[in-house]
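Breakdown of the fold
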Amino acid sequence: MEPVIRKAIPDDAKAVASVINSVILEGKYTALTNPFTVEQERAFIEGLCNRSALFVAEVDDEIIGIQVVEPDALAHYTDSMQHVATVGTWVQSNFRGRKIGQLLAEASFKFAHAKNFKKIAIQVIADNTGALRFYGNLGFKKIGIAKKHVKLEGKFCDVCYLEKFLTRDEK
Ligand SMILES: CC(C)(COP(=O)(O)OP(=O)(O)OC[C@H]1O[C@@H](n2cnc3c(N)ncnc32)[C@H](O)[C@@H]1OP(=O)(O)O)[C@@H](O)C(=O)NCCC(=O)NCCS
């Protein structure tokens, strides 16, 4: 069945937390280490600003993937980075490789463009070759590596910085 992509509503909190937490518990794909409660997830969805969105992918009415697009963390403190967004993507393990992430990204990029973001900047754990390939396919370019930037399960990991411009006039 074709996945349905739509924006999350507060009542999706339990299903959204379940997807993110399943990836956190895998312990190697995200810098996040602490599972979210349903209440935290509901507060996050309710608190999304006008330039943020959490898109969900549903198959057979079950949420199996999500992508959040929001202003870069520094944009909370400065006007100089209002053009920079960031995204995070989580797909349940048994649904990976079925273009769910790609469909989510199409919705997020359209949203980001409409909200006047000019670029998207992300960080990916350097060992996460699947995610690097996924984002590379979406047009992200690797711009640098931060050494030993996160510590997961007692082991330091390098982190890749990637960026993608949303407008043709940029490089
Ligand atoms: C990375 C991720 C978001 C991609 O979503 P997806 O729905 O599996 O990806 P799509 O099917 O849209 O795209 C497929 C591409 O992603 C890559 N990919 C990454 N992980 C994959 C997996 N477990 N199975 C199959 N393909 C995977 C493939 O290389 C493929 O590219 P290719 O066709 O050139 O080989 C998803 O695999 C995931 O949630 N992984 C764990 C969490 C994670 O790493 N999130 C990103 C952290 S920043």
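Our structure is the block above this text.
Residues numbered from 1 in each chain as written. Predicted model: local features only at pLDDT ≥ 70, side-chain atom pairs only at ≥ 80, totals over all residues. Heavy atoms only, no water.

**Quick notes on the pairing of strand 5 (residues 119–125)**
In plain terms, the rule: Throughout, exposure labels follow a simple rule: accessible area from a 1.4 Å probe, protein chains only, divided by the maximum for the residue type, with under 20% read as buried, over 50% as exposed, and the rest as partly exposed. Think of it this way: any DSSP run of H or I at least four residues long counts as a helix, any run of E at least two long counts as a strand, and we number them from the N terminus. In this analysis, strands are considered paired if DSSP registers two or more bridges between them. For crossovers, right-handed means that the path from the first strand over the helix to the second runs clockwise, given strands pointing away from the viewer.
Counting buried positions along strand 5 yields 5 of 7 residues, so the element is predominantly enclosed. In this sheet, strand 5 lies alongside strand 4 (residues 84–91) in parallel orientation, the contact comprising 2 bridges. Bridging across to strand 5, A85 finds its partner in I120. Following the backbone out of strand 4, through helix 3 (residues 100–114) and into the adjacent parallel strand 5, one traces a crossover that is right-handed. Relative to strand 7 (residues 155–165), strand 5 runs antiparallel, the two sharing 7 bridges. By the bridge assignment, I125 is partnered in strand 7 with V159.

**As for the layout of surface pockets**
Which entries qualify depends on this criterion: In the cavity and pocket records, a cavity denotes points on a 1 Å grid over the protein atoms alone where a 1.4 Å probe fits but cannot get out, a pocket denotes an open set with protein on both sides within 12 Å along at least 5 of 7 lines, and lining residues are residues with an atom within 4 Å of a point. Grid points are joined across faces, edges and corners, and a volume is the space filled by probe spheres set on the points. The residue classification treats Ala, Val, Leu, Ile, Met, Phe, Trp, Tyr, Cys and Pro as nonpolar and Asp, Glu, Lys and Arg as charged. All others, Gly included, are polar.
Quantified by volume, the largest pocket comes out at close to 1,400 Å³. Classifying every residue of the lining of the largest pocket by side-chain character gives 29 nonpolar, 13 polar and 7 charged.

**A short note on the packing of aromatic side chains**
Here is the rule: Side-chain rings of Phe, Tyr and Trp, where Trp is taken by its six-membered ring, are said to pair if the distance between their centres is within 6.5 Å; with planes under 30 degrees apart they count as stacked, over 60 as edge-to-face, and otherwise as tilted.
This structure, assessed with the given rule, holds 4 aromatic pairs. Ring geometry for F109 against F140: centres 6.2 Å apart, planes inclined by 55 degrees, an arrangement best described as tilted. Of this pair, F109 sits in helix 3 while F140 sits in the loop between helix 4 (129–137) and strand 6 (141–152), and the two are 31 residues apart along the sequence. Across this residue pair, the class does not change: F109 and F140 are buried.

**Let's talk about the state of the cysteines**
Put simply, the test is: Criterion for a disulfide: a pair of cysteine sulfur atoms within 2.5 Å.
Under the definition given, this model contains 0 disulfides. Residue C157 stays outside any disulfide, its sulfur separated by 11 Å from that of C160, the closest cysteine. In this structure C160 comes out as buried when scored by relative accessible area, which is 2%.

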